[in-house]
Structure formats: structure tokens, C-alpha cells
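Overview (structure and organization)
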Amino acid sequence: MIQNREPFLQTIAARLGRSAPSLTKPERNWKHLPQHEVLKDASMEELIEVLREQCLNIHTTLKRCTQQQLPEILNETIADYGGGRVIYSNDSRFRVLNVLPVFEQYEHLKWQSAKGYQNIDFAEQANVGVVISEVTLAESGTIMLQASPEVGRTLSFLPENSIAIIPKSSIVPRMTQAAQFLREQSHVSSCINFITGPSNSADIEMNLVVGVHGPVRMTYILVEDY
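Now for a look at the structure at hand. (Residues numbered from 1 in each chain as written. Predicted model: local features only at pLDDT ≥ 70, side-chain atom pairs only at ≥ 80, totals over all residues. Heavy atoms only, no water.)

**Regarding the packing of aromatic side chains**
- Under the defined criterion, the tally for this structure stands at 3 aromatic pairs.
- Look at Tyr88 and Phe103: their rings are 4.1 Å apart centre to centre, the planes differ by 15°, and that puts the pair in the stacked class. Within this pair, whereas Tyr88 is found in strand 2 (residues 86–88), its partner Phe103 is found in helix 5 (residues 100–103), the two being separated by 15 residues in sequence.
- Classification of Phe103 by relative accessible area gives buried; the value is 0%.
- Judged by centre distance (5.4 Å) and plane angle (80°), the ring pair of Phe94 and Phe103 falls under edge-to-face.
- Residue classification places Phe94 among the buried residues on the basis of a relative accessible area of 1%.
- Ring-pair connections join several aromatic residues into one group, and the members of that group are Tyr88, Phe94 and Phe103. (Phe/Tyr/Trp six-rings, centres within 6.5 Å; stacked < 30°, edge-to-face > 60°. Helix = DSSP H or I, 4+ residues; strand = E, 2+ residues; numbered from the N terminus. Buried < 20%, exposed > 50% of the residue type's maximum accessible area, 1.4 Å probe, protein only.)

Below, the structure written as C-alpha cells:
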């Protein structure tokens, strides 16, 4: 039961010079919307080139392949990181991409909510964590993941090395489009992670140090859509 709501809102309306409280959200008709202008007319290939250049700045390896080449490239990348334990998200797209046999070549674990802390314990000891980006921001070289019972928050930062598979269609210019994507979803996770390459810090003296509180190395594998 809400007490004194109407008198309270009436007082605020009077202070704002209104005769009654507004019951509808006012429209925001901004004169300038610069956030929509950045890379607005860029083609997909131009966005990929922006992403490629940004990956150099964030110490991230970018590989590009077709869906048919993906299993070989993924296996090659895991092997280059030294193999060992591999943990991956419970994402149905892995099956569509035909990469589950790659994981089976290593000691592996698919993140599953029913396993509880076993997921976290395995991720902590894992050499490689593998995820699939939902939205990829070309301007900053950032991938977006929505945490869920099938995509744990620690999956992308506890393993020593991280691999993100990037569907070509997930690439957008910048954070503006990621926000629009989330606004259009019927359900949004309570935890949305924006990850830009391996962990790094330059907080105090502005000297970049990579791999301080998360993955030491990171690879993005850009795959043509399937």
C-alpha cells in the first residue's frame, strides 16, 4: 500500500510548474546524436578492418576463417596455448559450428548450472576458456557476453587463456549498437560482460600491464556466418 503518493507527486509537479503530474514519459528529441554517426556508413569489411586494427592495440590475436575451417583453426589455437584443460560455455552454436570434437581432444568441461561450483573449480585450473560473442564492437575490439546459468561469469576470466569465436554478423560499429540490441531483447541478463582483449591495467602510472587479473592471452576467431 503506497501512502500519500498523489500529494507527493502533486507537490513535485507544482515545483516544476505543472498543473498535474506527468503520467507519460517525455520524448527526448535530441538535436544532435553524434553516437549514431561514428562508422555509420562503414561496410562490413570496413568494420572488420577497424576491428583488426584495434586488436593490435589491445594485444589480441585476430584470426579469420570459414565455418569449414573453424575446427582446424580452433584446435590450432588451443594447441598453441599448450592444450591442457579446456572449458566452454553451454552454447548450442558450438554444435552447429561442429567444434565439439575439438574439445574432446582435451580434458574438457562444458559449463552446466547443475555442476555448481565444479564449473568454477575447473575454470580456475583451465588453460583455455572458449566463448561465442553475442555482439562485437569494432571500434573498441570488444565482445559482449550475457551471463546465464549456461554462460558463467568466471568462464571468460579465470582460465589463463581465452578464445572468443566471433560470428561475422555479430560485428557492429560501437557500444551504441550494443545498447540498441539489448533494448530490443525481451529478456536481458542481470550481468552483461563487455570484454576487450586480455586483462590489463594502467590505473596508477599509465604503464600498460597485460594479464594482471584475468586471461594472459586472448584470440578472436572471426568466422563467416553459418
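And the narrative resumes.
**A word on the sheet that holds strand 3 (residues 108–110)**
- Read across the open sheet, the 6 strands follow the order 1-12-7-4-2-3; overall the sheet is parallel. Either end of the sheet is taken by a strand with one partner, and the two such strands are strand 1 (61–65) and strand 3. Taken pair by pair, the neighbouring strands of this sheet meet at an average axis angle of 20°, ignoring direction.
- The sheet contact formed by strand 7 (residues 161–167) and strand 12 (residues 217–223) spans 7 bridges and is parallel. Paired with Ile166 across the two strands is Leu222, which belongs to strand 12. (Pairing = 2+ DSSP bridges. Axes fitted to C-alpha atoms, helices over the stretch in contact; angles between N-to-C directions.)

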